[in-house]
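Architecture and fold: a report
Read off the chains here:
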Amino acid sequence: MVKQSIFGRMAQLTRANINALLDQAEDPQKMLDQMVRDFTNSIAEAESAVAQTIGNLRMMQDDYNEDIESARSWGNKALAASRKADEYRASGDAADAQKFDNLAKVAIQRQMSSENEAKGAEPTIASQTEIVEKLKDGLNQMRGKLNELTVKRDQLIARSRTAQAQQQVHDAVKSIDFMDPTSEVGRFEEKIRREEARVRGQQELASSSLDAQFESLEDLGEQTEIEARLAALKSGSGSRSAIGQGADSDADTATDTAAAGAPSKSETTY
């Protein structure tokens, strides 16, 4: 039971995979065209079969008509032979009268045989006529179905092409969706933003480097001044102007102020 179940599942899986492959490989237009071709071929085969049946019916009808005509002809011959026999009998020629009576009997026998053949063919002809009429109706229905299938195929193909066109338009619009970060435009925008950020970083770095250069220049000026004052101190020249210049100026200013505000000695005596 387990082995049979496994084999059954394997067979079902195989059928499912094959059907899935067939579904993927199916092209609606090709499949519909093939359906129209198959149905057209079926109609052609049906037409051939119906034509053969009609031909057989027409042959039976021809045979029937021939039997009817043969029966009528043999009836006329029997009548003519019987009249001839009566003429010979009236004239007293019994031998010829008997001869023509025998011919009339033969003609009557042939007439009956033809009538029997015609009568035997009538049921067959009637049934075949009914069958032919049904076959014609069925053939006409098949032709109508073919027309419907052709119209339906054209409609479905048109709908399929419309759906494909809509899908293509949708894909095209989606590929240039500015708000979609996964689109090509979004990718290019992100790339440009990165380049702009890199340029800003380079500018900021260059600006920082320039500030550092100016600061180094200021430090160099201060160091130069220090070196100059040290040299002046060592040489003893310009010491008052170079070192403590601000303090000496303040002292001189204070002395002058005091001298101006203090009374003289003679003024004090008096």
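We now turn to the structure provided with this report. (Residues numbered from 1 in each chain as written. Predicted model: local features only at pLDDT ≥ 70, side-chain atom pairs only at ≥ 80, totals over all residues. Heavy atoms only, no water.)

**A short note on helix α2 (residues 28–90)**
The first and last C-alpha atoms of α2 sit 92 Å apart over 63 residues, in line with the 93 Å expected at 1.5 Å per residue. Once α2 finishes, G92 follows within two positions and takes phi at roughly 90°, a positive value. (Helix = DSSP H or I, 4+ residues; strand = E, 2+ residues; numbered from the N terminus. Expected span 1.5 Å × (residues − 1).)

**Quick look at a negative patch on the surface**
Taken together, the side chains of D62, D63, E66 and E117 define an acidic patch exposed on the protein surface. Residue contributions to the negative patch peak at three residues, all from α2. Mapping E117 onto the fold places it in helix α3 (residues 94–175). Relative accessible area serves as the criterion here: at 46%, E117 is assigned to the partly exposed category. (Patch = residues over 30% accessible without salt bridge, like charges linked within 9 Å, V, L, I, M, F, W, Y side chains within 5 Å. Areas by Shrake-Rupley, 256 points an atom, 1.4 Å probe, with all protein chains shown as cover. Salt bridge = Lys/Arg side-chain N within 4 Å of Asp/Glu carboxyl O. Lys, Arg positive; Asp, Glu negative; His and termini not counted. Charge placed at Lys NZ, Arg CZ, Asp CG, Glu CD. Buried < 20%, exposed > 50% of the residue type's maximum accessible area, 1.4 Å probe, protein only.)

**Considerations on the packing of aromatic side chains**
Taken as a whole and judged by the stated rule, the model has one aromatic pair. Look at Y88 and F100: their rings are 5.4 Å apart centre to centre, the planes differ by 20°, and that puts the pair in the stacked class. Taken as a pair, Y88 in helix α2 and F100 in helix α3 lie far apart in primary sequence, twelve residues in all. Over the aromatic face of W74 sits the side chain of K77, whose NZ or CZ is 4.4 Å from the ring centroid. (Phe/Tyr/Trp six-rings, centres within 6.5 Å; stacked < 30°, edge-to-face > 60°. Lys NZ or Arg CZ within 6 Å of the ring centre and 35° of its normal.)

**Digging into the pattern of salt bridges**
Applying the stated criterion across every chain yields a total of eleven salt bridges. One salt bridge in this structure joins E87 and K84, with 3.8 Å as the shortest N-O distance. Of this pair, E87 and K84 are both found in helix α2, three residues apart, which corresponds to roughly one turn of the helix. A salt bridge links R153 to D154; the nearest nitrogen and oxygen atoms lie 3.2 Å apart. Taking relative accessible area as the criterion, R153 reaches 17% and is therefore assigned buried. Residue classification places D154 among the partly exposed positions, given a relative accessible area of 41%.

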